[in-house]
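One letter stands for each residue in the lines below.
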Amino acid sequence: MSPGPDRYAVLGHPIAHSLSPEIHHAFARATGESISYQAIDVSPERFDDFWRHGEGRELRGANITLPLKVLARDLADRLSPAARETGSVNTLIPIRNGWYGDTTDGIGLIRDLDRLGWSLAARRILIIGAGGAGRGIAFPVARSGPRELVIANRTADRAQQLADDLGRTGLTARGCGLDELQNLEPVDGLLHASAAGHGGQLQLPVSLLQVRTWCYDLSYGEAAQPFMRWAREAGATRVSDGLGMLVEQAAESFFLWRGVRPETAPVLAMLLAMLRDRSG
Ligand code: NAP
């Protein structure tokens, strides 16, 4: 009997609306790799059991999303430098007798900004959010040589902690609370990495923006709409959601598992068409 395709999955809670299965199946079709990929709902309480006694034992690799990225870091037997410094894991890769944990969120963002032609080097950059995503992008953003990097978070201490962690690796950033944003000079690039779009309220001063400021929301779908609407109403002409980052971080995971780098542009175009069909 044939063993069937290698099994991969994205784990999260909730996970029903994940686009990752579509993305990885498209990569597999384009590269001729034989894989199956499914979304599996695993609560934090069941996470250990899933790997010890459940379906986890049959997987050849996994993506990890909210709220499991820190648990995945703790599960991993070895961590990549990026996973160690950000403290979160979104990709598990099998190694002898265990798992190697990596995070591809940072590289996903950098590649998508590249695609858009939006620069970080020598620019004044503001990151809003210091949770898993904020931490995941802060290190590669700081390494891209911005003129100034500010990290603002609802809980100011968390932004300060992230700025301190960056400082310990020789990178420079300033942490602050959201209330301090009204005193900030306009920035060149604004990265929205908070989860406020999932039902919360985020009031940002329009004084953060100038005509050429680009505004990027790491969220996509409905969750990205409040920030993107705010940015457009405030006059920004370069505004994007995080769908491209989602595809790029997935491509890097696929490469880590299969050793083959899929093309991302056709898959992003497919997703955009799919989402347009669904909404209209
Ligand atoms: P997380 O670890 O739970 O962190 C949530 C962050 O949002 C924290 O900084 C939190 O501030 C802030 N926050 C939550 N509600 C808020 C509100 N009402 N007002 C202001 N700030 C609020 O989540 P995460 O992993 O960082 O994810 C954040 C977003 O990034 C999600 O929408 C996720 O989908 C997106 N993301 C996208 C990709 C991609 O590939 N495109 C990858 C990763 C994440 P406190 O510290 O004060 O709680």
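Residues numbered from 1 in each chain as written. Predicted model: local features only at pLDDT ≥ 70, side-chain atom pairs only at ≥ 80, totals over all residues. Heavy atoms only, no water.

Engineer: What's the story with the overall build of the protein chain in this structure? I'm lost.
Structural biologist: Along the protein chain, the regular secondary structure elements total ten helices and twelve strands. Here the protein chain has a C-alpha radius of gyration of 19 Å; the compact-globule value for 280 residues is 19 Å, and the two agree. In terms of its C-alpha atoms, the protein chain occupies a principal-axis envelope of roughly 65 × 45 × 30 Å. For the protein chain, the proportion of its 280 residues judged to be buried stands at 51%. (Helix = DSSP H or I, 4+ residues; strand = E, 2+ residues; numbered from the N terminus. Rg over C-alpha atoms; globule rule 2.2 N^0.38 Å. Buried < 20%, exposed > 50% of the residue type's maximum accessible area, 1.4 Å probe, protein only.)

Engineer: Looking at this model, I keep getting lost on the site of the ligand. Mind explaining?
Structural biologist: Among the 27 residues in the neighbourhood of the ligand, the closest are listed as Asn153, Thr155, Arg158, His198 and Ser219. Between Ala130 and the ligand, the recorded distance is 3.1 Å, taken from a backbone N or O atom to an oxygen atom. Interatomic distance of 3.0 Å between a backbone N/O atom of Gly242 and a nitrogen atom of the ligand. When the ligand is considered free in solution it has 930 Å² of accessible area, and contact with the protein chains removes 84% of it. Considering each element in turn, the shell around the ligand owes the most residues, three residues, to helix H9 (residues 243-258). In terms of residue class, the shell around the ligand is built from eleven nonpolar, twelve polar and four charged. The residue makeup of the shell around the ligand includes at least three contributed by each of domain 1 (6-103 + 245-279) and domain 2 (106-241). (Near = heavy atom within 4 Å. Polar contact = N/O pair within 3.5 Å; in protein donor to acceptor, adjacent residues only side chain to side chain. Areas by Shrake-Rupley, 256 points an atom, 1.4 Å probe, with all protein chains shown as cover. Nonpolar A, V, L, I, M, F, W, Y, C, P; charged D, E, K, R; others polar. Domains from an automatic or database assignment.)

Engineer: What's the story with the sheet that holds strand S10 (residues 189-192) in this structure? I'm lost.
Structural biologist: As a general point, the strands of a sheet are linked pairwise by backbone hydrogen bonds and lie either parallel or antiparallel. The strand order across the open sheet formed by six strands is S9-S8-S7-S10-S11-S12, and the pairing between neighbours is parallel. Looking along the sheet, the strands with just one partner apiece sit at the ends: strand S9 (174-177) and strand S12 (238-240). Ignoring strand direction, the axes of neighbouring strands in this sheet form an average angle of 15°. Pairing analysis gives five bridges linking strand S7 (residues 124-128) to strand S8 (residues 148-153), with the strands arranged parallel. Its bridge partner lying in S8, Ile125 is registered against Leu149. Against the sheet, helix H5 (residues 105-116) contacts S10, strand S11 (214-217) and S12, and its axis sits at roughly 140° relative to S11. (Pairing = 2+ DSSP bridges. Axes fitted to C-alpha atoms, helices over the stretch in contact; angles between N-to-C directions. Contact = heavy atoms within 4.5 Å.)

Engineer: Looking at this model, I keep getting lost on the sheet that holds strand S1 (residues 6-12). Mind explaining?
Structural biologist: The six strands are arranged S2-S1-S3-S5-S6-S4 in an open sheet whose pairing can be described as mixed. Both outer strands of the open sheet, strand S2 (35-41) and strand S4 (78-79), are each paired with one neighbouring strand and no more. Relative to strand S6 (residues 98-102), strand S5 (residues 91-95) runs antiparallel, the two being bridged by five bridges. Note that in S6 the partner of Pro94 across the bridge is Trp99. Contacts between helix H1 (residues 20-31) and the sheet are confined to S1, S2 and strand S3 (61-64), with S2 contributing the most and set at about 175° to the helix. Sitting on the sheet, H9 touches S1, S2, S3, S5 and S6, and the angle it makes with S5 is about 5°.

Engineer: What should I look at first to understand helix H6 (residues 132-143) in this one?
Structural biologist: Turn by turn, an α-helix covers 3.6 residues, leaving residues three or four places apart pointing in a common direction. Every buried residue of H6 is listed here: Gly134, Arg135, Gly136, Ile137, Ala138, Phe139, Val141 and Ala142. Just downstream of H6 lies Gly145, where phi reads positive at about 80°.

Engineer: In this structure, what is going on with the domain arrangement of the protein chain? I would like to understand it.
Structural biologist: Where interface size is quoted, it is often the accessible area lost as the parts come together. When cut into domains, the protein chain gives domain 1 (6-103 + 245-279) and domain 2 (106-241). Taken over C-alpha atoms, the centre of domain 1 sits 24 Å from the centre of domain 2. Between domain 1 and domain 2, the contact holds ten residues from the first and 15 residues from the second. Together, the buried faces of domain 1 and domain 2 total about 1,200 Å²; carbon and sulfur atoms form 59% of this surface. The largest per-residue losses of area from domain 1 upon contact with domain 2 belong to Glu85, Met245 and Glu248, which jointly make up 50% of the total buried on that side. Counting every contact that joins domain 1 to domain 2 gives two salt bridges. Between Arg111 and Glu252 there is a salt bridge, and its shortest N-O distance comes to 2.9 Å. The tally of links between domain 1 and domain 2 comes to five residue pairs in polar contact (both at pLDDT 80 or more). Ranked by residues supplied to the side of domain 1 that touches domain 2, first place goes to H9 with five residues. The residue makeup of the side of domain 1 that touches domain 2, split by class, is four nonpolar, two polar and four charged. (Buried area = accessible area lost by both parts, 1.4 Å probe. Salt bridge = Lys/Arg side-chain N within 4 Å of Asp/Glu carboxyl O.)

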